[in-house]
Each structure stands twice: as C-alpha cells, then as structure tokens.
Amino acid sequence: MQLVPALLPRLIQAIDNAIETNAEAVTALDQAIGDGDHVTNLQRGIKALTAQSDELAQLDWAAAWQKIGMTMMTAVGGASGSLYGTLFVAMSKAARERPLDLQTFAEIFSAGVDAVKQRGKADAGEKTMLDVLIPVAASLRQAAANSVALPEVLENVAQTAIAGMESTRDMLATKGRASFLEERSRGHIDAGAKTSQLMICALVEVLTEQLTAPA
Ligand code: ADP
Ligand code: MG
C-alpha cells in the first residue's frame, strides 16, 4: 500500500462522516462533564480541513501535517484545538524527509503524542484524549518492533483506541474542565477520548480498504 497524502481527501471525509454520525452522542458526553462544545469545535476544524483537502493532497506528509496542525489550532479553539494542533505540528517536525514505513510512522506519531502530553501537562489515566493516543502510539511501536503485518496492525490500533476510550469511563478527571467536577466526573466517557477513537477508527477503515483494494 502506498500511504501518500493523495489519500487525505478520503481520510478527512471519513473523519467528517464519523464525527457527524456520532455528533449527538458525543455532545451528550461533553455536556455531562464538560461545556458541550467539543463536537462543534472539532467540526469547525474538519470543515476547514475539507476546504483545504485538495491542496493538502499535493503536499508531502511533513508539509501536510504542518498545515493540518495550524488549521486545527486556529479553527477548532477550546483545549482540544491547541492539543490536536500540537499533535500534527510535532508530527510534521518529526517527519522531515523520511520515507513513511511503519517504523517511522510509529516514531512520528509517538513524537506527536509526547508533544500533546507536554502541551496539556497530562499523562495517561487523567481521563482525556491521551487515554486513546498514548496506547495507540504504544501499539504502533510494538507492531513495528515485531514486524506485524499491516492488516493486523490496523485491527490492533482500532481495538486499542476503543479500549482506551472505554477506559476513561471510570477514571477521575484531573485535567481540563471535567476535573472541576472531581468525583462526579466518574461514570462518563471523556468526549475528547471518544472523538479521538472515532477519528482513529475512521482512518483505520479507509486504510484497510486501501490495503485490500486491487492496485
Ligand atoms: P474545552 O474543554 O476548552 O471546552 P473541548 O471541549 O474542545 O475544549 O475539548 C475537551 C477535551 O479536550 C476533553 O474531553 C479532553 O479529552 C481534552 N483535554 C482537555 N484538557 C486536556 C489536557 N490538559 N490534556 C489532554 N487533553 C485534554
Ligand atoms: Mg468543551
């Protein structure tokens, strides 16, 4: 499979559909322990990316991730805008001109997730998007180290993202708005963890189709 930026319009479209389909459910999650704006914040960013998608398709990965990061930072707003923006800008910095194989992608994605941890001063177990992003990065690194075949890597990534999202339900929020609720934050899935999982699963679906499509 050629993992090229020409796939970006399809990837962005898939993310758009996944967030649209789950918009009400995720808004309900954010209303329970946040301020309810997470989906509309994210949809503003996705709309901006859709408008840029033909342009993004012409770039190399480093330039595309940089542009995606800047767009997320300016268009999304809220805590999640700067965090998702940081993820992609840091991925761009780590990408340089290296060819994109599983090993390099695992390193690049991990560098992005480390930057999110620093930016949000947060780590795993705090009931945020990091409870999806950190295990997914680990799953990619482990797959690269063990030369796991791509279809299996994608399947593992999707399962890991779902497990990470589910794990936030019983956590105590210690970062972001949900932390203001203290013990009352327990019992609700974190909205940012849910949208991270939905976006990752949407990407996995397109890439899996791509992998099995006749050349
Ligand atoms: P805001 O909280 O500013 O209204 P959003 O509603 O767009 O922003 O995003 C909220 C999501 O951002 C949370 O559900 C959580 O996943 C994530 N988040 C908030 N603070 C942090 C942090 N410090 N580190 C990592 N993720 C965070
Ligand atoms: Mg919010």
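Coordinates for the structure precede this section.
Residues numbered from 1 in each chain as written. Chains lettered and ligands numbered in written order. Predicted model: local features only at pLDDT ≥ 70, side-chain atom pairs only at ≥ 80, totals over all residues. Heavy atoms only, no water.

Asks: How do you make sense of the coordination of the magnesium ion (ligand 2) when you look at a structure like this?
Replies: Around a metal, the perfect tetrahedron of four donors has angles of 109.5 degrees, and the perfect octahedron of six donors has angles of 90 or 180 degrees. Within the protein, D35 (OD) and D37 (OD) serve as the donor atoms for the magnesium ion (ligand 2), at 2.0 to 2.1 Å. Look at D35 and you get partly exposed, because its relative accessible area is 40%. Accessibility expressed as a relative area gives 26% for D37, which makes it partly exposed. (Donors = N, O, S within 2.8 Å, 3.2 Å for Na, K, Ca; no water. Buried < 20%, exposed > 50% of the residue type's maximum accessible area, 1.4 Å probe, protein only.)

Asks: So what exactly am I meant to see when it comes to the site of ligand 1 here?
Replies: Taken together, 21 residues sit near ligand 1, with N41, A79, S80, G120 and D190 positioned nearest. Here D35 contributes a side-chain N or O atom positioned 3.2 Å from an oxygen atom of ligand 1. Between an oxygen atom of ligand 1 and a side-chain N or O atom of D190, the distance comes to 2.6 Å. A total of 560 Å² of accessible area belongs to ligand 1 in isolation, and the protein chains cover 91% of it. Counting atoms within 2 Å of the grid points, the majority share of ligand 1 lands in the second largest pocket. Where the shell around ligand 1 is concerned, the elements lending two or more residues are helix 3 (38–57), helix 5 (78–95) and helix 9 (191–212). At 4 residues, the largest contribution of residues to the shell around ligand 1 is made by helix 5. For the shell around ligand 1, the residue count by class is 7 nonpolar, 8 polar and 6 charged. (Near = heavy atom within 4 Å. Polar contact = N/O pair within 3.5 Å; in protein donor to acceptor, adjacent residues only side chain to side chain. Areas by Shrake-Rupley, 256 points an atom, 1.4 Å probe, with all protein chains shown as cover. 1 Å grid on protein atoms, 1.4 Å probe; cavity = no way out; pocket = protein on both sides within 12 Å on 5 of 7 lines; lining within 4 Å. Sits in = over half its atoms within 2 Å of the grid points. Helix = DSSP H or I, 4+ residues; strand = E, 2+ residues; numbered from the N terminus. Nonpolar A, V, L, I, M, F, W, Y, C, P; charged D, E, K, R; others polar.)

Asks: Can you help me understand the side chain of T86 in this one?
Replies: Secondary-structure assignment places T86 in helix 5. Classification of T86 as buried rests on a relative accessible area of 11%. Once you skip the residues sitting within four places of it in the chain, T86 turns out to touch M73, A115, V116 and R119. (Contact = heavy atoms within 4.5 Å.)

Asks: Looking at this structure, I do not really get the environment of L211. What am I missing?
Replies: Structurally, L211 is set in helix 9. Spatially, the C-alpha atoms of L211 and L140 are 17 Å apart, while their sequence positions differ by 71 residues.

Asks: What exactly am I supposed to notice about helix 3 here?
Replies: Think of an α-helix as turning once every 3.6 residues; residues three or four places apart then point the same way. Helix length check: helix 3, at 20 residues, gives a terminal C-alpha distance of 27 Å against a target of 28 Å (1.5 Å per residue), a fit within 8%. A51 marks the point of greatest bend in helix 3, at about 50°. Here the buried face of helix 3 lies against helix 1 (8–21), helix 2 (23–33), helix 4 (61–76), helix 5 and helix 9. (Expected span 1.5 Å × (residues − 1). Bend = angle between axes of the 7 residues up to and from the residue.)

Asks: Would you mind showing me how to read the packing of aromatic side chains here?
Replies: For any pair of aromatic rings, the description consists of the separation of the ring centres together with the inter-plane angle of the planes. One pass over the full model with this rule turns up 3 aromatic pairs. Relative to F105, the ring of W65 has its centre 6.3 Å away and its plane inclined at 45°; by these criteria the two rings are tilted. Taken together, the residues span a long stretch of sequence, with W65 in helix 4 and F105 in helix 6 (residues 102–120) at a distance of 40 residues. (Phe/Tyr/Trp six-rings, centres within 6.5 Å; stacked < 30°, edge-to-face > 60°.)

Asks: What am I meant to see in the side chain of S53 here?
Replies: Note on placement: S53 falls in helix 3. With relative accessibility at 8%, the residue S53 sits in the buried group. Sequence-distant contacts of S53, that is, excluding residues within four places in its chain, are made with P9 and I12.

Asks: For this particular structure, what's the right way to read the layout of surface pockets?
Replies: Regions of empty space are outlined by a rolling probe, equal in size to a water molecule, passed over the atoms. Taken as a whole, the largest pocket holds about 940 Å³ of empty space. In terms of lining, the largest pocket is formed by 36 residues, of which the most central are L11, M91, F105, L203 and L207. Every element with two or more residues in the lining of the largest pocket is listed here: helix 1, helix 3, helix 4, helix 5, helix 6, helix 7 (130–145), helix 8 (150–167) and helix 9. Residues belonging to the lining of the largest pocket are distributed by class as follows: 33 nonpolar, 2 polar and 1 charged. Estimates place the volume of the second largest pocket at around 550 Å³. Every residue lining the second largest pocket is counted, 25 residues in all, and those nearest its centre are A79, S80, L83, G176 and R177. Of all the elements in the fold, those that place two or more residues in the lining of the second largest pocket are helix 2, helix 3, helix 5, helix 6 and helix 9. In terms of residue class, the lining of the second largest pocket is built from 9 nonpolar, 9 polar and 7 charged. (Points joined across faces, edges and corners; volume = space filled by probe spheres on them.)

Don't take any of this as a statement about function, it's just geometry.
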